[in-house]
Amino acid sequence: MKITSEKFLRIKENKIKAFISHGDKQFIETFEFLYKYYTLKHLTGKAPIILVFDAIYVKKLVMPAWKLANYCNLSRTTLFNYRNEIIENFDTCLEENLINSQIATTKEG
């Protein structure tokens, strides 16, 4: 579900960062998976979403949306869409337990 408010986006991002910094294994594994996934998307020319992921979740920059968009060299609309995509991907990976099932498939095959 797309978040339509800057305030609620930031709240959700802060919750994700808190789980990661508190050492929640599932969040850390999901973070690592998404980092690799977004890096691959960037390297293959699909989307520069890694710039947003890196700014928010790695560098933990806290700035107004317009400034973050400028930092990432994106429009505010694109920034907003990427932030929503990152949150949705975190939720999907966690809800569907995609990371652990991927590891299990790798071990079996």
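Residues numbered from 1 in each chain as written. Predicted model: local features only at pLDDT ≥ 70, side-chain atom pairs only at ≥ 80, totals over all residues. Heavy atoms only, no water.

### Things to note about the overall build of the chain
Helix and strand content of the chain: six helices and zero strands. Each helix and strand of the chain, placed in order from N terminus to C terminus, yields the pattern α-α-α-α-α-α. Sorting the 109 residues of the chain into buried and exposed places 36% on the buried side. Contacts in the chain between residues at least 24 apart in sequence constitute 64% of all its contacts with a sequence separation of at least 6. (Helix = DSSP H or I, 4+ residues; strand = E, 2+ residues; numbered from the N terminus. Buried < 20%, exposed > 50% of the residue type's maximum accessible area, 1.4 Å probe, protein only. Contact = heavy atoms within 4.5 Å.)

### Examining unusual backbone geometry
One non-glycine residue, K60, lies in positive phi territory at about 55°. Take K60: it is sitting in the loop between helix 3 (49-58) and helix 4 (65-72). For N73, which is not glycine, the phi torsion reads 60° and is therefore positive.

### Structural notes on the side chain of E13
Looking at the element boundaries, E13 is found in helix 1 (residues 6-21). With relative accessibility at 3%, the residue E13 sits in the buried group. Setting aside residues no more than four positions away along its own chain, E13 makes contact with I56, Y57, R83 and I87.

### Topic: the environment of D91
Its place among the elements puts D91 in helix 5 (residues 76-95). With relative accessibility at 24%, the residue D91 sits in the partly exposed group. When the C-alpha positions of D91 and I16 are compared, they lie 9.7 Å apart, and in sequence the two are 75 residues distant.

### Observations regarding the packing of aromatic side chains
Inspection of every chain in the model, using the stated rule, returns eleven aromatic pairs. Judged by centre distance (5.6 Å) and plane angle (40°), the rings of Y57 and F90 are tilted. Residue Y57 is found in helix 3, and its partner F90 is found in helix 5; the two are separated by 33 residues along the sequence. You can call F90 buried: its relative accessible area is 0%. Within the aromatic cluster, the residues linked to one another by ring pairs are F19, F27, F31, F33, Y35, Y37, Y38, F53, Y57 and F90. (Phe/Tyr/Trp six-rings, centres within 6.5 Å; stacked < 30°, edge-to-face > 60°.)

### Things to note about the confidence of the model for the chain
Note: predicted coordinates in regions of low pLDDT should not be interpreted at a detailed level. Counting all residues, the mean pLDDT for the chain is 89, and 88% of those residues have values of 70 or more. Within the chain, the element-level pLDDT minimum falls on helix 6 (residues 98-108), averaging 51, and the maximum on helix 3, averaging 97. Across residues 103-109 the pLDDT falls below 50, and counting only partners more than four positions away or on other chains, this stretch makes zero contacts in the model. (pLDDT = per-residue confidence, 0-100.)

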